Each structure stands twice: as structure tokens, then as C-alpha cells.
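For reference, the chains in residue letters:
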Amino acid sequence: MSEKMSLFARLRQGMSRSRQQMAQVMEMEGDDNTPLSEDYFDSLLDAMILSDMGAVCAEEAMDKLRMVVKEKKLRTNGEAKAALKEILVGFLQVEKPSLKWPMVILTVGVNGVGKTTTIGKLALRFQGLGRTIVLCAADTFRAAAADQLQVWAERARCPIVRHKEGADPAGVVFDGVQSAKAQKADLLIVDTAGRLHNKKNLIDELAKINRVIERELPDASRENLLVLDATTGQNAVIQAKEFSKAANITGLVLTKLDGTAKGGIILAIKRELGIPVKFIGVGEGIDDLQPFNPHAFADGLFNDLPEDFEE
């Protein structure tokens with residue numbers, strides 16, 4: 001099995017809980033060749049809600065599906081399911097931006113979502129593309145944060161800028177920017193504190209960090225990535241809303257999509273906030289953080305992901 005094939009096998013496994021929820025509901029109304037009925041529409045709606053998609057998003061998808069069924073005169077469960085997959089892909093599809101260098105990736109998210117691990121995997125991924133990276137440990141409020149990032153820096157063999165615990169995060173970022181400029185690095189990845197208990201403090205801190213980056217690297221392209229734990233379900237939507245108030249979030253990283261999570265939460269967040277998913281984590285391995293593919297996601301949701309799926 002090739003690396004690409006094994007990746008999509010892991011994606012299929014990662015989508016297993018959502019797929020099981022959907023299959024249990026839909027299979028009660030027959031197979032793909034069964035004539036389409038109102039009961040099947042109801043089953044699809046229930047299945048999507050059970051996958052953590054949220055009632056509003058699921059109902060919107062069903063409204064669009066009914067229109068497509070009527071316009072195209074679809075007659076079977078399989079035809080309706082295929083049309084629904086395309087609708088869901090449409091909800092998730094975004095234009096792929098071209099990478100411009102130098103780049104700064106600011107990562108935010110509550111503690112425990114896998115933010116530091118995500119940073120390390122991003123560093124290794126971009127390093128594999130031939131890019132030079134500097135890591136910046138601006139989470140100075142959690143004692144182990146810089147130490148954890150240091151481990152990833154050593155694994156990726158890239159420099160890290162860190163200060164002592166309790167230092168001003170914006171000051172760490174300033175030094176990180178200077179280091180990246182001095183080394184002519186392609187990419188600076190910044191870790192930030194994951195507190196939500198004091199929203200004003202969080203907003204002020206992130207605003208200060210952003211001002212430093214904009215002043216010191218005005219021509220760098222920017223990504224503000226929010227890291228979310230897929231297993232938290234609808235709570236991930238709440239986190240996304242809160243962090244969107246504190247920072248201009250440009251993309252999401254959904255971690256722990258490893259079979260214990262219900263992946264429909266991706267659609268709920270995209271619909272409510274309009275923020276695209278950029279990466280998903282489908283396992284603990286270094287290569288298990290992968291760019292998000294809407295078609296693969298929809299196929300995995302319905303157990304239609306072929307062994308030879310190609311991006």
C-alpha cells in the first residue's frame with residue numbers, strides 16, 4: 001500500500017464514528033438502489049445531526065438536496081446520497097491560496113487541543129518542502145509549553161526562540177521575528193497561550209503580538225490558525241466563536257479525528273463562522289497532519305472513500 005493510500009485508510013478510520021452514526025440511520029431505509037422516499041430524507045437529516053453537523057447546517061443541506069432531487073429528477077437513495085455529498089463539498093470548498101514567503105503562522109487554541117504538537121508537525125511538513133523554519137514559544141504562562149516546543153524544534157532541527165516563564169509574549173515574538181529575519185527564514189511559527197478564562201486579557205495579548213508582527217514583518221503573508229479538538233463536538237464551535245473575537249482567524253486545524261470524534265463538526269463551524277479547515281489530524285504519527293480535502297472528507301463520511309483515492 002502506498003503512503004497516499006495508507007493516508008486515506010487512516011482518514012477512513014478517523015471518520016469511523018461519524019460514518020457509523022450515519023450508516024445506522026440510513027441503512028434502515030434500504031440500500032443505494034432503493035426508490036427514494038420521504039423516510040430517506042428524514043434519515044439523512046437525522047444522520048447528519050448525529051454526526052455533530054448541527055441542526056441548522058443539516059437542514060440547510062437538506063433544503064438544497066430537495067431542490068437538486070426535483071431539478072434532476074433523482075429516483076434512488078444512491079443518487080440522493082451522491083447529490084448530498086456534492087452539497088457538503090460545496091459547503092466546505094474554498095479557493096486554495098498560493099503560498100507566499102516569508103510567512104508567519106500564529107497558532108491559537110485552548111490548552112490540551114494538541115496545539116504544540118500541531119506546530120511541530122507543521123514545521124516538519126514545511127521543512128519537507130524545502131523551507132527554513134523558526135519556532136517561537138510565546139506561551140510563557142504554562143511552564144511546560146516552551147519545553148514541549150523545544151522537543152519539536154530538536155526533532156525538526158530548526159531554531160527556537162524562547163524566554164523564561166512569565167516573560168512578555170509580545171517580547172518573545174519580537175525576538176522571534178528578529179531571529180527569522182536574521183536567518184532569512186521562510187516561515188516563523190508562533191505558539192500562543194491557550195487561556196479563555198480571561199477574554200479581555202487574551203484579546204489584548206493577541207492584539208499586541210499581531211502589532212509586533214505587522215510592524216516588524218509588514219510584507220510577510222499571514223495565517224492565524226485556530227487548533228480545535230474534534231472530540232469536543234459542539235464545544236469546538238463555541239471555542240471558534242470566542243477566538244474569532246480575539247484574533248482574525250484565517251483557518252482551522254482539527255486534531256484527534258482518529259475514530260473517537262464525529263467529523264461533522266467541521267461543517268458546523270464552517271457554516272456558522274465561514275472559517276475554512278486547513279489541516280486535519282488523523283493520528284499520532286508525524287505524517288498524520290494533512291491538508292484538508294473536502295471531497296475525501298465527504299467520501300469518508302459516507303464510507304465511499306476508495307482505496308486508490310487521489311487528491
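Residues numbered from 1 in each chain as written. Predicted model: local features only at pLDDT ≥ 70, side-chain atom pairs only at ≥ 80, totals over all residues. Heavy atoms only, no water.

The next point concerns the nonpolar core. Judged by nonpolar contacts, the single largest core of 95 residues is most densely connected at L65, L88, L135, V173 and I189. Look past the residues within four positions of L135 in its chain and what remains in contact with it is I119, A123, L149, A153, C158, P159, I160, V161 and I189. (Core = buried A, V, L, I, M, F, W, Y, C linked by side-chain atoms within 4.5 Å. Buried < 20%, exposed > 50% of the residue type's maximum accessible area, 1.4 Å probe, protein only. Contact = heavy atoms within 4.5 Å.)

In total, this model carries 15 salt bridges according to the counting rule given. Across the pair R131 and D186 runs a salt bridge whose closest N-O atoms are separated by 3.6 Å. Remark: D186 occurs in the loop between α8 (169–182) and β4 (187–191) and R131 occurs in the loop between α6 (115–128) and β2 (133–137); sequence separation between them is 55 residues. Looking at D186, the relative accessible area reads 16%, which means it is buried. With its nearest N and O atoms 2.9 Å apart, the salt bridge here joins R162 to D147. In this pair, R162 sits in strand β3 (residues 160–162) while D147 sits in helix α7 (residues 145–156), placing the two residues 15 residues apart along the sequence. On the accessibility criterion, R162 (33% relative accessible area) is partly exposed. (Salt bridge = Lys/Arg side-chain N within 4 Å of Asp/Glu carboxyl O. Helix = DSSP H or I, 4+ residues; strand = E, 2+ residues; numbered from the N terminus.)

In this fold, K64 is placed in helix α4 (residues 55–72). Note on K64: relative accessible area 37%, which makes it partly exposed. Remark: the alpha-carbon pair of K64 and A83, spanning 19 residues in sequence, is separated by 9.4 Å. Excluding residues that lie within four positions of it along the chain, K64 makes contacts with I87 and F91.

On to helix α5 (residues 77–92). Side chains three or four residues apart in an α-helix point the same way, a direct result of the helix having 3.6 residues per turn. Across its 16 residues, α5 extends 23 Å between first and last C-alpha, which sits within 8% of the 22 Å expected from 1.5 Å per residue. Where burial is concerned, most of α5 is hidden: 12 out of the 16 residues are buried. The set of residues buried in α5 consists of N77, G78, A80, K81, A83, L84, K85, I87, L88, V89, F91 and L92. Tucked into the core, α5 has its buried residues touching α3 (38–50), α4, α11 (265–273) and α12 (294–301). (Expected span 1.5 Å × (residues − 1).)

Before going further, it helps to spend a moment on the packing of aromatic side chains. Overall, the coordinates contain 2 aromatic pairs when judged by the stated rule. Taking 5.8 Å as the distance between ring centres and 80 degrees as the angle between the ring planes, the aromatic pair formed by W101 and F126 counts as edge-to-face. Here the residue W101 occupies a position in the loop between α5 and β1 (103–108), and F126 occupies one in helix α6, the gap between them amounting to 25 residues. What makes W101 partly exposed here is its relative accessible area of 25%. Taking the relative accessible area as the measure of exposure, F126 reaches 6% and is therefore buried. (Phe/Tyr/Trp six-rings, centres within 6.5 Å; stacked < 30°, edge-to-face > 60°.)

Packed helices, taken two at a time, are described by the angle their axes make and the gap between the axes. Across the interface, helix α10 (residues 234–246) lies against α11 with an axial gap of 9 Å and an inter-helix angle of 35 degrees. For the crossing formed where α10 meets α11, the hand is right-handed. Residues Q234, A236, V237, A240, K241 and S244 of α10 form the contact with α11, whose participating residues are I265, A268, I269, E272 and L273. Each residue belonging to the contact of α10 with α11 can be placed in one class, and the counts come to 7 nonpolar, 2 polar and 2 charged. (Axes fitted to C-alpha atoms, helices over the stretch in contact; angles between N-to-C directions. Left-handed = near helix turned anticlockwise from the far one by under 90°. Nonpolar A, V, L, I, M, F, W, Y, C, P; charged D, E, K, R; others polar.)

What the 8 strands build is an open sheet, ordered β3-β2-β4-β1-β5-β6-β7-β8; its pairing is mixed. The open sheet has two edge strands with one neighbour each: β3 and β8 (289–291). Here the strands of the sheet are splayed against their neighbours by 20 degrees on average, with no regard to which way each runs. Sheet analysis places strand β7 (residues 277–281) next to β8, joined by 3 bridges and oriented antiparallel. By the bridge assignment, I280 is partnered in β8 with Q290. Relative to β2, α8 is tilted by about 170 degrees, and along the sheet it contacts β2, β3 and β4. In this fold helix α9 (residues 199–216) packs onto β1 and β5 (221–229), with an angle of close to 175 degrees to the strand it touches most, β1. (Pairing = 2+ DSSP bridges.)

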